[in-house]
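For reference, the chains in residue letters:
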Amino acid sequence: MKYLKINIEENADPEILKNIVLQLKGVASAEIVDDENPESELKKAFAKTKEQLKTGDYETLVNDIFDIIIKK
């Protein structure tokens with residue numbers, strides 16, 4: 001998978017830019033990363049799990065759990 005890193009100005013709204021980028025053809029996902037205030041990996045994992053439960057994406061949730069178990 002290839003990634004595109006975009007640096008934004010301080011006064012730009014990252015959520016609006018994320019939504020615009022997600023509408024572009026060929027964009028599978030977009031994530032806001034704050035290098036000055038990074039989230040812990042555990043916090044990101046909980047946020048992802050919460051979103052998967054909200055949207056009913058149980059298959060991906062189960063696959064993610066198995067990936068974690070197998071890696072250990």
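Shown above is the structure to which this text applies.
Not measured: the values here are computed from a predicted model. (Residues numbered from 1 in each chain as written. Predicted model: local features only at pLDDT ≥ 70, side-chain atom pairs only at ≥ 80, totals over all residues. Heavy atoms only, no water.)

A.B. asks: What is the right way to read the overall build of the protein chain from this model?
C.D. replies: Each helix and strand in the protein chain was counted, giving three helices and zero strands. Start at the N end of the protein chain and walk to the C end: the helices and strands fall as α-α-α. Rg of the C-alpha trace for the protein chain: 15 Å, well past the compact-globule value of 11 Å for 72 residues, more than 25% over. Across its three principal axes, the protein chain shows a C-alpha extent of roughly 40 × 30 × 25 Å. Burial statistics for the protein chain: of 72 residues in total, 3% are counted as buried. (Helix = DSSP H or I, 4+ residues; strand = E, 2+ residues; numbered from the N terminus. Rg over C-alpha atoms; globule rule 2.2 N^0.38 Å. Buried < 20%, exposed > 50% of the residue type's maximum accessible area, 1.4 Å probe, protein only.)

A.B. asks: Honestly, the side chain of Gln52 in this entry has me stumped. Any pointers?
C.D. replies: As for its position among the elements, Gln52 is in helix 2 (residues 41–55). Since its relative accessible area comes to 6%, Gln52 is described here as buried. When neighbours within four sequence positions are excluded, Gln52 is seen to be in contact with Asp57, Thr60, Leu61 and Asp64. (Contact = heavy atoms within 4.5 Å.)

A.B. asks: When you look at the environment of Ile69 in this model, what are you seeing that I'm missing?
C.D. replies: Position of Ile69 relative to the elements: it lies in helix 3 (residues 58–71). Ile69 gets classed as exposed once you look at its relative accessible area, which sits at 54%.

A.B. asks: Would you mind showing me how to read the environment of Asp34 here?
C.D. replies: Summarising the element assignment, Asp34 is placed in the loop between helix 1 (14–22) and helix 2. Taking C-alpha positions, Asp34 is 10.0 Å from Pro14, a pair spaced 20 residues apart along the chain.

A.B. asks: Can you walk me through a nonpolar patch on the surface in this structure?
C.D. replies: Side chains of Leu4, Ile6, Ile8, Ile16, Leu17 and Ile20 sit close together on the surface and give an oily, nonpolar patch of about 590 Å² of accessible area. On the secondary structure map, Ile8 appears in the segment before helix 1. For Ile8, a relative accessible area of 40% gives the class partly exposed. (Patch = residues over 30% accessible without salt bridge, like charges linked within 9 Å, V, L, I, M, F, W, Y side chains within 5 Å. Areas by Shrake-Rupley, 256 points an atom, 1.4 Å probe, with all protein chains shown as cover. Salt bridge = Lys/Arg side-chain N within 4 Å of Asp/Glu carboxyl O.)

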